[in-house]
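# Working through the structure, step by step
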Amino acid sequence: MSDSYDVVVIGSGPAGYVCAIKCAQLGLNTAVVESWSDPKGKPVFGGTCLNVGCIPSKALLDSSHKFTEARDHFSAHGIDVGAPGIDIAGMMKRKDKIVTQLTGGVSSLLQHNGVTIVQGKGKLLSGRNVEVTAADGKKTLLSATNVVLASGSEPVSIPPAPTDDAVIVDSTGALTFDEVPKRLGVIGAGVIGLELGSVWGRLGAEVVLFEALDTFLPMMDTQVSKEAAKVFKKQGLDIRLNSLVTGTSVKKGSVTVTYTEKGEEKSAEFDRLIVAVGRRPRTKDLFSSDAGVTMDERGFVFVNDYCATEAPGVWAIGDIVRGPMLAHKGSEEGVMVAERIHGKPVQLNYECVPSIIYTHPEIAAVGKTEQELKAEGIDYKAGSFPFAAIGRALASGETDGFVKIIADAKTDRILGAHAIGPSAADLVQQMVITMEFGGSAEDVQLMVFGHPTMSEAVHEAALAVDGMAIHMPNRKRG
Ligand code: FAD
Ligand code: NAD
């Protein structure tokens, strides 16, 4: 005997739970399978994002930012609060409360929408049957017209720095330190390294980031990564490029890291070490060999532009498929798949997926970088505008960074937008909307922007694309 559904979703992260809710909204009989449980054995929803990713990291980023505001910036506003103290336990309690509130919210939403919750580890068998193994080993069989794989990702580990959940930790461990390390090492100056390095650096740790590549943030527009390197240096983050960690040795609660920097052998000692060298898809034991689903050598499930796998009626979304490992990308794939299962040929515009690094200032981007356009031989024009010339940014004391807009030289259509600075994520989102509507630099030039707002940097950057910014001298044209 097996239970039958229109759709069975494996995994309740931002990709899986959004897909399940959307399917249910469209009238499909839907079940979601989730293996994560709390110490009481209750299912935990929301995946990496809500439990150990986006949300807890942003809670700590916001708490630590408020601390630096009070410590370093209030006095400039004429506010004297003395030297602020840090209550790590209180900070963690706040973070945990936010996580519980949101994961509980997902649970209610699934139930409210009539999604059946099946607790246990799901495995796709042939013929769109899903075997679920509960924590006690009991197996249940679900059959479905459509199966959506959404099992997410996990941190990559590297042999020279095995995690011990005490001194050497991955991103999850770095969200639960019970005190501020005096010296913190981070392997990988990518998104997680910068965000979590910033949290502990702001709270007083001396932070050293080891980055194997010789380029800092190579996926960002070069103008932005250069500015970011300057700003982070000013903030005290010690980013060592071309540095490959070759070994670690843990003794009495501290770790000695040996590494080669630009070929030279060196070592350094830390109280804690975070390994943040990327994430890999969680596809081990997710499907049987006769399920008809295939993967590449790194474990990413092969899908077409619409997230259909090679097995009819089997879809895969989120971190286990190509593209950036971002919560919002997975969620929108979930919506697209639900609509397609229901018969509407919805498409996702992968050119318009924004990416954000939630440091302070924020870094955000959508579309093409200048270096990508050069490499592709596309004729473009670019304009940027500094926050230092934006009244609202001066009023808030947030003058680092700029907004940059890139448009096609012939059609004027916006091809990319990049920002480092206050509210960069929200400013770039304005350009996501513009790009989705096929907007041009001139369209933005002719829009009315509220004054005084940070958004005026977007307006001026669009004007600068044609050398026509009002509030700064433009480069001579012609
Ligand atoms: P996941 O969120 O990993 O969820 C997968 C779920 O499937 C899990 O609940 C898991 O238990 C379950 N599962 C796995 N296998 C099975 C199985 N066989 N049976 C049943 N259940 C199973 N992204 C952003 O966009 N913005 C951010 O600010 C951001 N910050 C991040 C910060 C950190 C520290 C980290 C680690 C990640 C961050 N990310 C961020 C990335 C984001 O968390 C992921 O891209 C996103 O969670 C992926 O969603 P998903 O649904 O594909 O997978
Ligand atoms: P990442 O790919 O962003 O950065 C990893 C960095 O480690 C890279 O710069 C890489 O060159 C470096 N590296 C790899 N091996 C190394 C080694 N042996 N020694 C030194 N450096 C090494 O990966 P991440 O920071 O672990 O984050 C994983 C993913 O999670 C990201 O790609 C992103 O998709 C997602 N994420 C997103 C956000 C966000 O949207 N704000 C935040 C956190 C995580």
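Below you will find a few notes about this structure.

### Some points on the overall build of the protein
- Counting its secondary structure elements, the protein contains 12 helices and 22 strands.
- For a compact globule of 478 residues, the expected C-alpha radius of gyration is about 23 Å, and the protein comes in at 24 Å, within 12% of that figure.
- Seen through its C-alpha atoms, the protein measures out along the principal axes to roughly 75 × 60 × 45 Å.
- Within the protein, contacts between residues separated by at least 24 positions form 61% of all contacts whose residues are at least 6 apart in sequence.
- A total accessible area of about 22,400 Å² is found for the protein, and carbon and sulfur atoms account for 52% of it.

### Looking at the environment of Ser64
- Along the chain, the position of Ser64 falls in helix α3 (residues 54-73).
- Once residues within four sequence positions are removed from consideration, Ser64 is found in contact with Val199, Arg202 and Leu203.
- At 2.8 Å, the side chain of Ser64 forms a polar contact with the backbone oxygen of Leu60.

### Things to note about the site of ligand 1
- Taken together, 37 residues are adjacent to ligand 1, and Glu34, Thr48, Lys58, Gly122 and Asp319 come closest.
- Within the side chain of Glu34, an N or O atom sits 2.5 Å from an oxygen atom of ligand 1.
- In isolation ligand 1 exposes 1,000 Å². Once the protein is present, 95% of that is buried.
- For the shell around ligand 1, the secondary-structure elements that each account for two or more residues are α1 (14-25), β2 (30-34), α2 (47-52), α3, β4 (121-124) and α7 (327-341).

### Some thoughts on the pattern of salt bridges
- Counting across every chain of the model gives 22 salt bridges.
- For Asp178, the salt bridge goes to Arg272, with nearest N and O atoms at 3.7 Å. One end of the pair, Asp178, is in the loop between β8 (168-169) and β9 (183-187); the other, Arg272, is in strand β15 (residues 272-275), with 94 residues separating them in the sequence.
- Between Lys404 and Glu370 there is a salt bridge whose closest N-O contact spans 2.4 Å. Here Glu370 lies in helix α8 (residues 370-376) and Lys404 lies in strand β21 (residues 402-408), a separation of 34 residues in the sequence. Both residues of the pair, Lys404 and Glu370, count as buried.
- Here the residues in one salt-bridge network are Asp221, Glu370, Lys374 and Lys404, joined through shared partners.

### Section: the pairing of β2
- Buried residues dominate β2, accounting for 5 of its 5 residues.
- Burial along β2 is two-sided: the face carrying Thr30, Val32 and Glu34 and the face carrying Ala31 and Val33 are both buried.
- Of the pairings in the sheet, the one linking strand β1 (residues 3-10) to β2 comprises 4 bridges and is parallel in character. In the strand pairing of β2, Val8 is matched with Ala31.
- This β-α-β element, β1 to α1 to β2, shows right-handed connectivity.

### Quick look at the nonpolar core
- Within the largest apolar cluster, 36 residues are counted, with the highest numbers of intra-cluster contacts made by Leu184, Leu194, Trp200, Leu217, Ile274 and Ile363.
- At the level of elements, α3, α4 (88-112), β9, α5 (191-202), β10 (206-210), α6 (222-235) and β19 (362-367) are the ones that each hand at least two residues to this core.
- Here the element with the most residues in this core is α5; it accounts for 4 residues.
- Those residues in contact with Leu194, other than ones at most four positions away along the chain, are Ala189, Leu209, Phe216, Leu217, Phe232, Leu237, Ile239, Ile357 and Thr359.

### Considering unusual backbone geometry
- Of note, the amide linkage connecting His360 to Pro361 takes the cis form, showing an omega dihedral of 5°.
- Take Pro361: it is sitting in the loop between β18 (355-357) and β19.
- Residue Pro452 is reached from His451 by a cis peptide bond, and omega for that bond is -5°.
- The residue Pro452 is located in the loop between α11 (441-445) and α12 (456-465) in this model.
- The backbone of Asp165 shows a phi angle near 60°, a positive value even though the residue is not glycine.
- Within the element layout of this structure, Asp165 appears in the loop between β7 (153-155) and β8.
- Its relative accessible area of 66% is what places Asp165 among the exposed residues.

### A short note on the packing of α1 against α7
- Running from N to C, α1 and α7 point in directions that differ by 30°, and their axes come no closer than 7 Å. In terms of axis orientation, α1 runs roughly parallel to α7. Of the two elements, α1 crosses α7, and the hand of that crossing is right-handed. Contacts from Pro14, Ala15, Val18, Cys19, Lys22 and Cys23 of α1 reach α7 at Ala327, Gly330, Ser331, Gly334, Val335, Val337, Ala338 and Glu339.
- Classifying every residue of the contact of α1 with α7 by side-chain character gives 9 nonpolar, 3 polar and 2 charged.

### Points about the packing of aromatic side chains
- One pass over the full model with this rule turns up 4 aromatic pairs.
- Centre to centre, the rings of Phe210 and Tyr259 are 4.5 Å apart; their planes meet at 55°, and the pair counts as tilted. A residue pair is termed long-range when its members are at least 10 positions apart, and Phe210 in strand β10 and Tyr259 in strand β13 (residues 254-261) qualify at 49 residues. Both residues of the pair, Phe210 and Tyr259, belong to the buried class.
- Consider the rings of Phe216 and Phe232, whose centres lie 6.2 Å apart with planes at 90°: the pair is edge-to-face. Linking Phe216 in the loop between β10 and α6 with Phe232 in helix α6, this pair joins segments that are 16 residues apart in sequence.
- Look at Phe232 and you get buried, because its relative accessible area is 1%.
- Taken together, the aromatic side chains of Phe210, Tyr259 and Phe270 make up a single cluster linked through ring pairs.

Calculation criteria
Position numbers for residues start from 1 in each chain and track the written sequence from start to end. As a convention, the first chain written is A and the first ligand written is 1, with the rest following in written order. Local features in a predicted model are, by the rule used here, given only for residues with pLDDT of at least 70; side-chain atom pairs are given and counted only at 80 or more, and totals for whole chains, interfaces and linings are based on all residues. As a rule here, side-chain values come from all non-hydrogen atoms in the structure, and water together with hydrogens is ignored. Only DSSP runs of H or I with at least four residues qualify as helices, and only runs of E with at least two residues qualify as strands; both kinds are numbered from the N terminus onward. This radius of gyration counts C-alpha atoms alone. The globule rule is 2.2 Å times how many residues there are, raised to the power 0.38. Here, two residues are considered to be in contact whenever any of their heavy atoms come within 4.5 Å of each other. With residues, only the protein chains shown are counted as cover, and all accessible areas are computed by Shrake-Rupley using a 1.4 Å probe. Any pair of nitrogen or oxygen atoms within 3.5 Å is treated as a polar contact; in protein, a donor-acceptor pairing is required on top of that, and neighbouring residues in sequence qualify only through side-chain atoms on both sides. Whether a residue is near a molecule or strand depends on its heavy atoms: it is near if one of them lies within 4 Å of it. When a carboxyl oxygen of Asp or Glu is within 4 Å of a side-chain nitrogen of Lys or Arg, the pair counts as a salt bridge. Here's how the labels work: a residue is buried when its accessible area is under 20% of the maximum for its type, exposed when over 50%, partly exposed in between, all with a 1.4 Å probe on protein chains only. Two strands qualify as a pair provided DSSP detects at least 2 bridges between them. When the strands point away from the viewer, a crossover counts as right-handed if the path from the first strand over the helix to the second runs clockwise. The definition of a nonpolar core used throughout is a set of buried Ala, Val, Leu, Ile, Met, Phe, Trp, Tyr and Cys residues joined through side-chain atoms within 4.5 Å. Note on geometry: axes are C-alpha line fits, over the in-contact stretch for helices, and angles between N-to-C directions span 0 to 180 degrees. Just so you know how the angles are binned, under 35 degrees is roughly parallel, over 145 roughly antiparallel, 65 to 115 roughly perpendicular, and the rest oblique. Handedness of a crossing is defined here by the sense of rotation of the near helix relative to the far one, left-handed for an anticlockwise turn of less than a right angle and right-handed for a clockwise turn. Under the scheme applied here, ten amino acids are nonpolar (Ala, Val, Leu, Ile, Met, Phe, Trp, Tyr, Cys and Pro), four are charged (Asp, Glu, Lys and Arg), and all others, including Gly, are polar. Note on aromatic contacts: the rings of Phe and Tyr and the six-membered ring of Trp form a pair at centre separations within 6.5 Å, being stacked when their planes are under 30 degrees apart, edge-to-face when over 60 apart, and tilted otherwise.

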